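Results of the structural survey
So you can see what is in the structure, the chains are spelled out below.
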Amino acid sequence: MQHQSIRQSVDYLTLALMYVLAGVSLFVIASATKPLTPPTDPLYFVKRQIIWIILGTGVMILTAWVDYEKFKKLSPYIYWASIALLGVVLVHGHTSLGAQRWIKVGPFQLQPSEFAKIAIIITLATHLSNKKQLTAWRDLVSPLLHVALPMLFILKQPDLGTTLVFVAITAGMLYMAGLPGWKMLLLFPGGLATVILWIYLHYRFHVPIPMHQYQLNRLTIFLHPNRDPLGAGWNVIQSRIAIGTGGLFGGGLIGSHTNLLGFLPESYTDFIYAAIGEQLGFVGSMAVLFLYLLLVARGIYIAMRAKDRYGMLLATGVVAMFAFHVLESAGMASGIMPVAGVPLPFMSYGGSAFLTDSAAVGLLLNVWRRRKVQSYTPTVTTATPPLPVVYSNK
């Protein structure tokens, strides 16, 4: 890596996007949590979120500063430590809303499945960077098994949302590692079609399916929320109402209507995009999505500028994670995606999610800091010169 000053090696655009989103979230959280805060401390949730932002900054600096080659060497330890934490959750985890996902650390509750996202990005990038090709089906066995083990622990909690995030991360990284496009279509869209067919057969012909009924309801209720307006469809209906109430410019960050009355559960966590739509309106919510678009586009650019295959895969995993989080979180709040309980990056209240997102940004900064001047082009064993692209997929 050529010598660079600290000022030249920092990606200020990615940092700015992270802190602008985090800053907006403090105002949204303050308004959305008014019915829950004690009169003596109306900024209770905001103060706690500021603590997580400060801690997240430390995590981001650490993951950005340490040479990512060291993460590669530590991959086996990172992978099994993540598995061990997920195992602890199943034995001694705290249960809430029918799910056992948290472990208590002092006054805070941490969610290891969130940290497992970063662990799987680092370790799967290591795994794929050591594989020369992904042309045969047998080449997919080891990376899929690598991801399957933590996914099984997470499904056991159960945490369907994080499981879907794992699928998105795996799909993005496999594609950039060289998996042919036609195999991608068979493996992932084909798998999705199989799941949809299985769910249909379950409801139509009572075919057994290895899922809890409430998980199935959450997956399908967005199609017809009025079938169970006081149960599984409640959040979807109230979320749509909240977004519609915002109109073009919203009711402002100082006060809102639906959230103040407590009609929208989880308005400061999983359904915070509905609170954004209510408080900032269509214009404000579109501006927030544009910030995420810039973040994803910047992540893709960083991946293209990576100095090696491993760095490219790290950045790709982060981009896939952020892209799916935004698509799912905003989509389920708008009623166009299943309710999977996925937080909106840097916006949803919660420490584990913010620390994970901060670590992900740290990985992007790390790859950018050690970038090459020219885009990374993989080694191609052919007589013809390689095309100037990141990766070619059949």
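Residues numbered from 1 in each chain as written. Predicted model: local features only at pLDDT ≥ 70, side-chain atom pairs only at ≥ 80, totals over all residues. Heavy atoms only, no water.

Spelled out, the test is: UniProt positions are given in the numbering used here, feature names are shortened, and annotations may be inferred rather than shown by experiment.
As annotated in an unreviewed UniProt entry, the protein chain is Peptidoglycan glycosyltransferase RodA from Sulfobacillus acidophilus. In UniProt, the protein chain has this text filed under Function (unreviewed entry): "Peptidoglycan polymerase that is essential for cell wall elongation."

1. A few points about the overall build of the protein chain
The condition is simple: Secondary structure is summarised from DSSP: a helix means a run of H or I of at least four residues, a strand means a run of E of at least two, and numbering begins at the N terminus for each. Each accessible area is a Shrake-Rupley estimate made with a 1.4 Å probe; only the visible protein chains count as cover when residues are assessed.
Within the protein chain one finds 15 helices and three strands. Split by element, the accessible area of the protein chain, about 18,600 Å² in all, is 70% carbon and sulfur.

2. A few points about the UniProt feature "transmembrane region" (unreviewed entry) in the protein chain
According to UniProt, the feature "transmembrane region" (unreviewed entry) maps to residues 12-30, 50-68, 77-95, 160-177, 184-203, 271-297, 309-327 and 347-368 in the numbering used here. Taken end to end, residues 50-68 is 89% helix and 0% strand, and its two terminal C-alpha atoms sit 28 Å from one another.

3. Thoughts on the pattern of salt bridges
Note the cut-off: Here, a salt bridge means any side-chain nitrogen of Lys or Arg that lies within 4 Å of a carboxyl oxygen of Asp or Glu. Between buried and exposed lies partly exposed: a residue is buried under 20% and exposed over 50% of the maximum accessible area for its type, with that area taken using a 1.4 Å probe on protein chains only.
Under the defined criterion, the tally for this structure stands at four salt bridges. Residue D41 is joined to K47 by a salt bridge in which the shortest nitrogen-to-oxygen separation is 3.2 Å. Note that R370 is salt-bridged to D67, the shortest N-O span being 3.4 Å. Of the two residues, R370 is situated in the segment after α15 (351-369) and D67 in the loop between α3 (44-65) and α4 (68-73); the sequence distance between them amounts to 303 residues. Looking at D67, the relative accessible area reads 26%, which means it is partly exposed.

4. Some remarks on the packing of helix α5 (residues 75-92) against helix α7 (residues 141-156)
What counts is decided by this rule: Axis lines are fitted to C-alpha atoms, over the contacting stretch for helices. Their N-to-C directions set the angle, which ranges from 0 to 180 degrees. With respect to orientation, any angle under 35 degrees is reported as roughly parallel, any angle over 145 as roughly antiparallel, any angle of 65 to 115 as roughly perpendicular, and every other angle as oblique. Each helix crossing is assigned a hand: it is left-handed if the near helix lies turned anticlockwise from the far helix by less than a right angle, otherwise right-handed if that turn is clockwise. Contact between two residues is taken to exist if any of their heavy atoms lie within 4.5 Å; hydrogens are not considered. Residue type decides the class: Asp, Glu, Lys and Arg count as charged, Ala, Val, Leu, Ile, Met, Phe, Trp, Tyr, Cys and Pro as nonpolar, and the leftover types, Gly among them, as polar.
Look at α5 against α7: their axes get within 9 Å of each other, and the N-to-C directions meet at 20°. In terms of axis orientation, α5 runs roughly parallel to α7. Remark: the crossing between α5 and α7 carries left-handed chirality. Residues Y79, W80, I83, L86, G87 and L90 of α5 touch α7, and the partners they reach there are L145, H146, L149, P150, F153, I154 and K156. Across the contact of α5 with α7, the residue classes break down as 10 nonpolar, two polar and one charged.

5. A word on the packing of aromatic side chains
As a reminder, the rule being used: What counts as a ring pair is set by centres within 6.5 Å for rings of Phe, Tyr and Trp (its six-membered ring), and what kind of pair is set by the plane angle: stacked under 30 degrees, edge-to-face over 60, tilted for all other angles. Whether a charge sits over a ring comes down to the Lys NZ or Arg CZ being within 6 Å of the ring centre and within 35 degrees of the ring normal.
If you walk through the whole model with that rule in mind, you get 10 aromatic pairs. Ring plane angle 55° and centroid distance 5.3 Å describe the contact between F45 and Y268, whose orientation is recorded as tilted. Of this pair, F45 sits in helix α3 while Y268 is found in the loop between α12 (234-246) and α13 (272-304), placing the two residues 223 residues apart along the sequence. By the burial criterion, F45 is buried, and Y268 matches it. An aromatic cluster is defined as three or more aromatic residues linked by ring pairs; in this entry it consists of Y44, F45, Y268 and Y349. Of note, K183 hangs over the ring of W137, and the distance from its end group to the ring centre comes to 4.9 Å. Above the plane of the ring of W368 lies R298, whose end atom (NZ or CZ) is 4.6 Å from the centre.

6. Focus: the packing of helix α2 (residues 12-32) against α13
It is the contact of α2 with α13, at a shortest axis distance of 10 Å, that shows an interaxial angle of 160°. The pairing of α2 with α13 is recorded here as roughly antiparallel in orientation. Where α2 crosses over α13, the two elements pack in a sense that is left-handed. Contacts between α2 and α13 involve L13, T14, L17, V20, L21, V24, F27, V28, I29, S31 and A32 from the first element and I272, A275, I276, Q279, L280, V288, L291, Y292, L294, L295, R298 and I302 from the second. Class assignment of the residues belonging to the contact of α2 with α13 gives a composition of 19 nonpolar, three polar and one charged.

7. Structural notes on the environment of G250
On the secondary structure map, G250 appears in the loop between α12 and α13. In the structure, G250 is positioned 30 residues away from L280 in sequence and 4.2 Å away in space, judged by C-alpha atoms. When neighbours within four sequence positions are excluded, G250 is seen to be in contact with E278, Q279, L280 and G281.

8. Quick word on the side chain of D357
Stated precisely, the cut-off is as follows: Under the counting rule used here, the positive set is Lys and Arg, the negative set is Asp and Glu, and His together with the chain ends is not counted.
Of note, D357 is situated in helix α15. No salt bridge forms around the buried D357; measuring N to O, its nearest opposite-charge neighbour K117 is 6.4 Å away.

9. Points about the side chain of S25
In plain terms, the rule: Polar contact is the term for a pair of N or O atoms within 3.5 Å; when the atoms are in protein, one must be able to donate a hydrogen and the other to accept it, and sequence-neighboring residues count only if both atoms are side-chain atoms.
Note on placement: S25 falls in helix α2. On the basis of relative accessibility, which here comes to 0%, the residue S25 falls in the buried class. For S25, the side chain forms a polar contact with the main-chain oxygen of F346, separated by 3.4 Å. S25 has contacts with F346 and M347, leaving out every residue within four places of it along the chain.

10. Brief notes about the confidence of the model for the protein chain
Note: predicted coordinates in regions of low pLDDT should not be interpreted at a detailed level. Short version of the rule: pLDDT measures the predictor's confidence residue by residue and takes values from 0 up to 100.
On average, residues of the protein chain carry a pLDDT of 85, and 87% of them reach 70 or more. Considering only residues more than four positions removed or in separate chains, one finds that residues 379-394, a stretch of pLDDT under 50, has 26 contacts.

11. Describing the environment of L291
Mapped onto the elements, L291 comes out in helix α13. Each C-alpha atom of the pair L291 and L17 lies 6.5 Å from the other, and the pair is 274 residues apart in sequence. Non-local contacts of L291, meaning those with residues more than four positions away in its chain, are made with L17, V20 and L21.

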